[in-house]
Amino acid sequence: MLLENASVKLSRAVDSTVDTTVILMQVIHEGEVKRNTINNTFQMLSSLESEHIVSLLNTTKSEAGSELVLVDFGGRPLTDCLPLQSPVQEFFTLAPQAVKALGVVHESGMIH
């Protein structure tokens, strides 16, 4: 499990059709709310093109319901990348990248 909170679960899985890892996004809500959330997220991610936003591959059904299949970013959580006493140069390298990614997300109207 990569992330689990009150509204979403993110986990890494293997897509056996192409023998690569993917990220599965499962929405926790039930019924209509869940369908709307999956559909809205699918539409939003399908329309965005940026190197700073994870790409959508597909949707799938599982025992838990519909899930979004995302490109495995292969990275580590930000908390793993930034030690508590991070050198100033690392901060000034990563900060502009984070700001640019958030700018793309905000321009699209995505809630994160």
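What counts and how
- Residues numbered from 1 in each chain as written.
- Predicted model: local features only at pLDDT ≥ 70, side-chain atom pairs only at ≥ 80, totals over all residues.
- Heavy atoms only, no water.
- Core = buried A, V, L, I, M, F, W, Y, C linked by side-chain atoms within 4.5 Å.
- Buried < 20%, exposed > 50% of the residue type's maximum accessible area, 1.4 Å probe, protein only.
- Helix = DSSP H or I, 4+ residues; strand = E, 2+ residues; numbered from the N terminus.
- Contact = heavy atoms within 4.5 Å.
- Patch = residues over 30% accessible without salt bridge, like charges linked within 9 Å, V, L, I, M, F, W, Y side chains within 5 Å.
- Areas by Shrake-Rupley, 256 points an atom, 1.4 Å probe, with all protein chains shown as cover.
- Salt bridge = Lys/Arg side-chain N within 4 Å of Asp/Glu carboxyl O.
- Pairing = 2+ DSSP bridges.

Colleague: Even after reading the chapter, I still don't get the nonpolar core, so can you show me in this structure?
Modeller: Across soluble globular proteins, nonpolar side chains show a tendency to be buried alongside one another. Counting residues in each nonpolar core, the largest one holds 13 residues, and the members touching the most others are Met25, Leu45, Ile53, Leu56, Leu68 and Leu70. Secondary-structure elements contributing two or more residues to this core are β2 (8-15), β3 (20-27), α1 (31-47) and β5 (65-71). Leave out the neighbours within four places in its chain, and Leu70 touches Val22, Ile23, Met25, Leu45, Val54, Ser55, Leu56 and Leu57.

Colleague: Help me understand a nonpolar patch on the surface, please; the structure alone is not making it clear to me.
Modeller: A cluster of nonpolar side chains, namely Leu2, Leu3 and Phe73, defines an oily patch on the protein surface of about 280 Å² accessible area. Within the secondary structure, Leu2 sits in the segment before β1 (3-4).

Colleague: Mind showing me how you'd approach the pairing of β2 here?
Modeller: Side-chain positions along a regular strand alternate between the two faces of the sheet. Relative to β2, β1 runs antiparallel, the two being bridged by two bridges. Across the sheet, the residue bridging to Glu4 is Lys9, located in β2. Linking β2 back to β3 in an antiparallel pair, the connection comprises four residues, with Asp19 at a positive phi of about 50 degrees.

Colleague: Before we go on, may I ask you to explain the pattern of salt bridges in this structure?
Modeller: Where charged atoms of side chains with opposite charge meet at close range, the side chains can pair. If you walk through the whole model with that rule in mind, you get two salt bridges. The closest approach of N and O atoms between Asp72 and Arg12, which form a salt bridge, is 2.8 Å. Here Arg12 lies in strand β2 and Asp72 lies in the loop between β5 and α2 (78-81), a separation of 60 residues in the sequence. Accessibility expressed as a relative area gives 16% for Asp72, which makes it buried.

Colleague: Explain the side chain of Gln26 to me, please; I cannot follow it from the model alone.
Modeller: Here Gln26 lies in strand β3. Judged by relative accessible area, Gln26 falls into the buried class, the value being 15%. Residues within four places of Gln26 in sequence aside, it is in contact with Ser7, Val8, Lys9, Lys34, Ala64 and Glu67.

Colleague: Teacher, can you tell me more about the pairing of β5 here?
Modeller: Pairing geometry for β3 and β5, over five bridges, is antiparallel. Pairing of Val22 across the sheet is with Val71, part of β5. Where strand β4 (residues 56-62) lies against β5, six bridges are found, and the strand directions are antiparallel. If you follow Lys61 over to β5, its bridge partner there is Ser66. Hairpin connection of β4 to β5: two residues between the antiparallel strands.

Spatial relationships are all this shows, so hold off on functional conclusions.
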